[in-house]
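# Chains, contacts and geometry: an overview
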Amino acid sequence: MYFFDPHVHMISRVTDDYERMARMGCVGVSEPAFWAGFDRGSVDGFRDYFRQLTEFEPTRAGWSGVQHFTWLCINAKEAENVELSREVIAMIPEFLGNPGVLGIGEIGLNKNTKNECTIFREHVDLAMKTNEQILIHTPHLDDKLKGTRMIIDMLLEDDRVDPNRVLIDHVEEHTVGAAREEGFWCAMTLYPVTKCTPSRAADIIEMYGDDRIMVNSAGDWGPSNPTAVPDFIMEMRRRGHSEKKIKKIVYDNPVEFFSGSDRFEFTPPDTLWETSRAAADTD
Ligand SMILES: [Zn+2]
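First, a word on scope: everything that follows refers to the structure included in this document. Everything numeric here is computed off the predicted structure, so don't read it as measured data.

It is worth spelling out the overall build of the protein at this point. Broken down by element type, the protein carries 10 helices and eight strands. Against the 2.2 N^0.38 benchmark of 19 Å for 283 residues, the protein shows a C-alpha radius of gyration of 18 Å, consistent with a compact globule. Taking all 283 residues of the protein together, the buried fraction comes to 45%. Taking the contacts inside the protein whose residues are at least 6 apart along the sequence as the reference set, 75% of them involve residues at least 24 apart.

Here you go:
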């Protein structure tokens, strides 16, 4: 089955991971900007990072036939440096015209602080002024429920925000309802330790249905598994769910949500292989 991983930090992964993902059916990935494991020291550090995301990473993904898309922001962990955050937000528009940039993300909260809220609102303002979609990171563990509620409240109080153009990520059993009730898209992260396991994600689908929801691996530099989406596919099959239902969650839903961006120039896999075969034939 073809799948699309809507949230995976491929710059932290090796080229072999793209190859393994492609062999398991991955045809597309979307990569939000995130924390590098250390706080970056200058706006130029972010400029170079955004160049890597928008220039080299799509090329590297293409070696395995995977189509690569990205989101730009300064993440919540670095938002305590308000001055640098504002410099980065002012610089982001340099990249918004680049192919494959789907919007602003992953923005959100980490420890639910005042500075994080300030920078979150300024990112949302940029997204509204530039007509971009938004991808949201919700906090970890104890901070998740309160932080998710705070994020939803900040989004709803800005009447320019259309929930249909916002994806709230890392939802779990206790937050998925709040996100969906307000009309947002949401995603579950399949992590080996925290967040969701494939079986918990399948439970959530059985409780909440398959509309406006997707799953991702969030593969990054920590303990994570870039082939977690195929694990979810296997779990859903074991439970007897139809191929159509599984495909809706792992392929149709991400493609539908991302299509809200003019720069989502995604070639469906069947067309892609036909085109490359035709090109090979003429050689
Ligand atoms: Zn992430």
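For the rest of this paragraph, the subject is the environment of P163. Here P163 is to be found in the loop between α5 (144-157) and β6 (166-168). Accessibility expressed as a C-beta count within 10 Å gives 19 for P163, which makes it partly exposed. When the C-alpha atoms of P163 and M128 are compared, they prove to be 12 Å apart, with 35 residues separating the residues in sequence. In this view, P163 contacts E182, G183 and F184; residues no more than four positions away in its chain are not counted.

The next thing to look at is the nonpolar core. With 77 residues, the main nonpolar core has L167, C186, L190, A201, V215, F232 and V250 as its most contacted residues. The element contributing the most residues to this core is helix α9 (residues 243-258), with six residues. Filtering out sequence-adjacent residues up to four positions away, L167 remains in contact with L135, I136, W185, C186, A187 and F257.

The next thing to look at is unusual backbone geometry. Across the junction of G105 and E106, the peptide omega takes the value -5°, indicating a cis bond. Structurally, the position occupied by E106 is in strand β4 (residues 101-108). A positive phi is found at N131, a non-glycine position, where the angle reads about 60°. As for its placement among the helices and strands, N131 is situated in the loop between α4 (114-129) and β5 (133-137). A residue is classified by how many C-beta atoms lie within 10 Å of it, and N131, with 12 of them, is exposed. Positive phi values are uncommon outside glycine, yet H170 reaches one of about 60°. Within the secondary structure, H170 sits in the loop between β6 and α6 (176-181).

In terms of burial, β5 is largely enclosed, as five of its five residues are buried. Sheet analysis places β4 next to β5, joined by five bridges and oriented parallel. Looking at the pairing, G105 lines up with L135 of β5. Note on the crossover from β4 through α4 to β5: the handedness is right-handed. Inspection of the sheet shows β5 paired to β6 by three bridges, in the parallel sense. Paired with I136 across the two strands is I168, which belongs to β6. You can see the chain leave β5, run along α5 and come back into β6, and the turn it takes is right-handed.

Let us look at helix α2 (residues 43-62). Between its first and last C-alpha atoms α2 spans 28 Å; for 20 residues at 1.5 Å apiece the expected length is 28 Å, and the two agree. Of all the bends in α2, the greatest, near 40°, is centred on F56, and the proline P58 appears no more than four residues after it. Burial in α2 covers these residues: F46, F50, L53, T54, E57, P58 and A61. Where α2 is buried, its residues contact α1 (15-23), β2 (26-32), β3 (67-72), α3 (82-91) and β4.

So, on to the environment of G100. Checked against the element boundaries, G100 lands in the loop between α3 and β4. Judged by local crowding, G100 falls into the buried class, with 21 C-beta atoms found within 10 Å. When the C-alpha positions of G100 and R165 are compared, they lie 16 Å apart, and in sequence the two are 65 residues distant. If sequence neighbours within four positions are ignored, G100 has contacts with T54, P58, H68, F69, T70 and R263.

Here is what the cut-offs are and how they apply
- Residues numbered from 1 in each chain as written.
- Predicted model: local features only at pLDDT ≥ 70, side-chain atom pairs only at ≥ 80, totals over all residues.
- Helix = DSSP H or I, 4+ residues; strand = E, 2+ residues; numbered from the N terminus.
- Rg over C-alpha atoms; globule rule 2.2 N^0.38 Å.
- Buried ≥ 20, exposed ≤ 12 C-beta atoms within 10 Å, placed from the backbone.
- Contact = placed C-beta atoms within 7 Å.
- Core = buried A, V, L, I, M, F, W, Y, C linked by C-beta atoms within 7 Å.
- Pairing = 2+ DSSP bridges.
- Right-handed = clockwise from strand over helix to strand, strands pointing away.
- Expected span 1.5 Å × (residues − 1).
- Bend = angle between axes of the 7 residues up to and from the residue.

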